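Here is what each chain is made of, one letter per residue.
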Amino acid sequence: MPKTGDELSILGFGCMRLASKADGSIDEERATKQLRFAIDQGVNYVDTAWPYHGGQSEPFVGRALSGGYREKVRLATKLPSWLIEKREDMDKYLNAQLEKLKTDHIDYYLVHALVGDLWDTVENHGVKEFLNKAKAEGRIKNAGFSFHGASEDFKRIVDAHDWDFCQIQYNFLDGRNQAGTKGLKYAAKKGLGVVIMEPLRGGNLTRNVPPAVQKIWDGAAIKRTPAEWALRWVWNHPEVTVVLSGMNDEMHIRENLRVAGQTHPNSLTKTELQMVHSVEKKYRELMKVGCTGCQYCMPCPNGVNIPLCFEEYNNLYLNGNAEVEKFMYAARLGGAVGTGKPEFASLCVKCGECVDKCPQHIEIPVVLESVVEELEGSDLEQRVAMAKQAFKQT
Ligand code: SF4
Ligand code: SF4
């Protein structure tokens, strides 16, 4: 960590997608073995959060780190920013988290899933004073935030507080999305450690790889899996501090550990970087809508979160799992996380205000109609209620 010199493993264990049983609950025995194996092999950064696994990830991590493992790792968890209504809520959640995690301090504490509006809300409720106080009292050691908003809001939030670190979504398809490469470099230049989430875009870059993409990977002089190329691409950036991987499969854990042990910043050759760029281009061709997430079309006067609607729409085609994507659409655009307000494609009244602003010349209202057709439907309200329940669970 640039500010403290704290030595972290470049691979972190993400606890959002733990090994699970058929009924969806955490497979404690298997997940505990996996987590402890990774720690025994040198992983020393463990990341969880209040809503993961419907509120069960934190208590699981607390139990899995007993027997001497807590002392071997730096523990990261996050303030559920969308649930904060007043200053006292922050202490209430942190204290509950310390209890769930069976610890007296959180090493890396993040304000979770910030977008611009949400930052304004928690800032007004006194989050900076809360973080400073919690740090002075030793309940947290390092203060940071995780981010899912627009590039300009990222810079604004970085500048708004004396942060130790931040966490951003970053992979070879998201170089211009959310914080992006610009954000990564900006945060690092300001001395923040940068933790990377979604290096494999939730597995989308490794599952059901389209044949046209696989053909490009197959053409490489050194044979590597799509996961290895994607991870090496992220680790190639010297600004990256830790890369989180949501690990739940023994083979993947071994592969990630091997790659982490071999990779170095600036180690990909020019030819390899060009190949990854060709894969990125191919994915963009295959995506339903060529939205880069630049946000020039925003804000929509009717509250549609245009880039997020398109991101979920593309995920539907890249991932191919309609049930998962419909749930994610309901959660991310229905107010379960983020701004707390609905931002659905169906709010579009076709005023046309956004169309000329799009540098990609996307017929935004027309594509939004397809988003409504494929991701909304009569059970949308039910999915929103389920998502809200899942994200509020204690
Ligand atoms: S056309 Fe639709 S999405 Fe675009 S600004 Fe108008 S209401 Fe918003
Ligand atoms: S302006 Fe176009 S490319 Fe940019 S976020 Fe909006 S729809 Fe996407």
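Throughout what follows, the structure given in this document is the object of discussion. Please read all numbers here as calculations on a predicted model, not as lab measurements.

## Focus on the site of ligand 2
Part 1: Taken together, 13 residues surround ligand 2, and among them Cys291, Cys294, Gln295, Cys297 and Cys358 come closest.
Part 2: When atoms are counted within 2 Å of each cavity's grid points, the one that captures over half of ligand 2 is the second largest cavity.
Part 3: Across the shell around ligand 2, the residue classes tally to 9 nonpolar, 4 polar and no charged.

## Section: the packing of aromatic side chains
Part 1: Going through the model one piece at a time under the given rule, you end up with 16 aromatic pairs.
Part 2: Here Phe172 and Trp233 contribute two aromatic rings whose centre-to-centre distance is 6.5 Å and whose plane-to-plane angle is 80 degrees, an arrangement assigned as edge-to-face. Separated by 61 residues along the polypeptide, Phe172 in the loop between β6 (165-169) and α7 (180-189) and Trp233 in helix α9 (residues 226-235) bring together distant segments of the chain.
Part 3: According to the relative accessible area criterion, Phe172 is buried, its value standing at 3%.
Part 4: Judged by its relative accessible area of 12%, Trp233 falls in the buried class.
Part 5: Through pairs of rings, three or more aromatic residues link up here, namely Tyr170, Phe172, Trp217, Trp229, Trp233 and Tyr283.
Part 6: One Lys or Arg, Lys92, reaches over the ring of Tyr93 and ends 4.8 Å from the middle of that ring.
Part 7: Against the face of Trp229 rests Arg224, its NZ or CZ located 4.6 Å from the ring centre.

## Structural notes on the site of ligand 1
Part 1: In the vicinity of ligand 1, 13 residues are found, and the nearest of them are Cys300, Cys348, Cys351, Gly352 and Cys354.
Part 2: With respect to the detected pockets, ligand 1 is housed in the largest cavity.
Part 3: Looking at side-chain class alone, the shell around ligand 1 contains 9 nonpolar, 2 polar and 2 charged residues.

## A short note on the side chain of Asp89
Part 1: Note on placement: Asp89 falls in helix α3 (residues 87-100).
Part 2: Ignoring sequence-local partners within four residues, the contact set of Asp89 consists of Leu83 and Ile84.

## Observations concerning the layout of surface pockets
Part 1: Taken as a whole, the second largest pocket spans an internal volume of roughly 230 Å³.
Part 2: Taken together, 14 residues form the lining of the second largest pocket, with Ser151, Arg176, Lys182, Cys294 and Tyr296 sitting closest to its centre.
Part 3: Of all the secondary-structure elements, those providing two or more residues to the lining of the second largest pocket are α6 (151-160) and α7.
Part 4: Class assignment for the residues of the lining of the second largest pocket results in 3 nonpolar, 8 polar and 3 charged.

## A word on the sheet that holds strand β4 (residues 106-114)
Part 1: Strand order in the closed barrel formed by 8 strands is β1-β2-β3-β4-β5-β6-β7-β8, and the pairing between neighbours is parallel. The mean inter-strand angle of the sheet, taken between neighbouring strand axes irrespective of direction, is 25 degrees.
Part 2: Note that β6 and strand β7 (residues 193-197) share 5 bridges and pair parallel. By the bridge assignment for β7, Cys166 is matched with Val194.

## Looking at the pairing of strand β3 (residues 74-79)
Part 1: The buried fraction of β3 amounts to 5 of the 6 residues, a majority that puts the element mostly inside the structure.
Part 2: Both strand β2 (residues 45-47) and β3 contribute to a ladder of 3 bridges, which runs parallel. In the strand pairing of β3, Val46 is matched with Leu75.
Part 3: For the crossover that starts at β2, traverses helix α2 (residues 57-64) and ends in the parallel β3, the hand is right-handed.
Part 4: As paired elements, β3 and β4 share 4 bridges and run parallel to each other.

## Here's the deal with the packing of helix α12 (residues 306-319) against helix α13 (residues 322-333)
Part 1: Across the interface, α12 lies against α13 with an axial gap of 9 Å and an inter-helix angle of 165 degrees. The orientation of α12 with respect to α13, classified from their angle, is roughly antiparallel. Two packed elements cross with a definite hand, and for α12 against α13 that hand is right-handed. Mapping the contact onto sequence places Leu308, Cys309, Glu311, Glu312, Asn315, Leu316 and Asn319 in α12 and Ala322, Val324, Glu325, Met328, Tyr329, Arg332 and Leu333 in α13.
Part 2: Per-class residue counts for the contact of α12 with α13 are 8 nonpolar, 2 polar and 4 charged.

Calculation rules
- Residues numbered from 1 in each chain as written.
- Chains lettered and ligands numbered in written order.
- Predicted model: local features only at pLDDT ≥ 70, side-chain atom pairs only at ≥ 80, totals over all residues.
- Heavy atoms only, no water.
- Near = heavy atom within 4 Å.
- 1 Å grid on protein atoms, 1.4 Å probe; cavity = no way out; pocket = protein on both sides within 12 Å on 5 of 7 lines; lining within 4 Å.
- Sits in = over half its atoms within 2 Å of the grid points.
- Nonpolar A, V, L, I, M, F, W, Y, C, P; charged D, E, K, R; others polar.
- Phe/Tyr/Trp six-rings, centres within 6.5 Å; stacked < 30°, edge-to-face > 60°.
- Helix = DSSP H or I, 4+ residues; strand = E, 2+ residues; numbered from the N terminus.
- Buried < 20%, exposed > 50% of the residue type's maximum accessible area, 1.4 Å probe, protein only.
- Lys NZ or Arg CZ within 6 Å of the ring centre and 35° of its normal.
- Contact = heavy atoms within 4.5 Å.
- Points joined across faces, edges and corners; volume = space filled by probe spheres on them.
- Pairing = 2+ DSSP bridges.
- Axes fitted to C-alpha atoms, helices over the stretch in contact; angles between N-to-C directions.
- Right-handed = clockwise from strand over helix to strand, strands pointing away.
- Parallel < 35°, antiparallel > 145°, perpendicular 65-115°, else oblique.
- Left-handed = near helix turned anticlockwise from the far one by under 90°.

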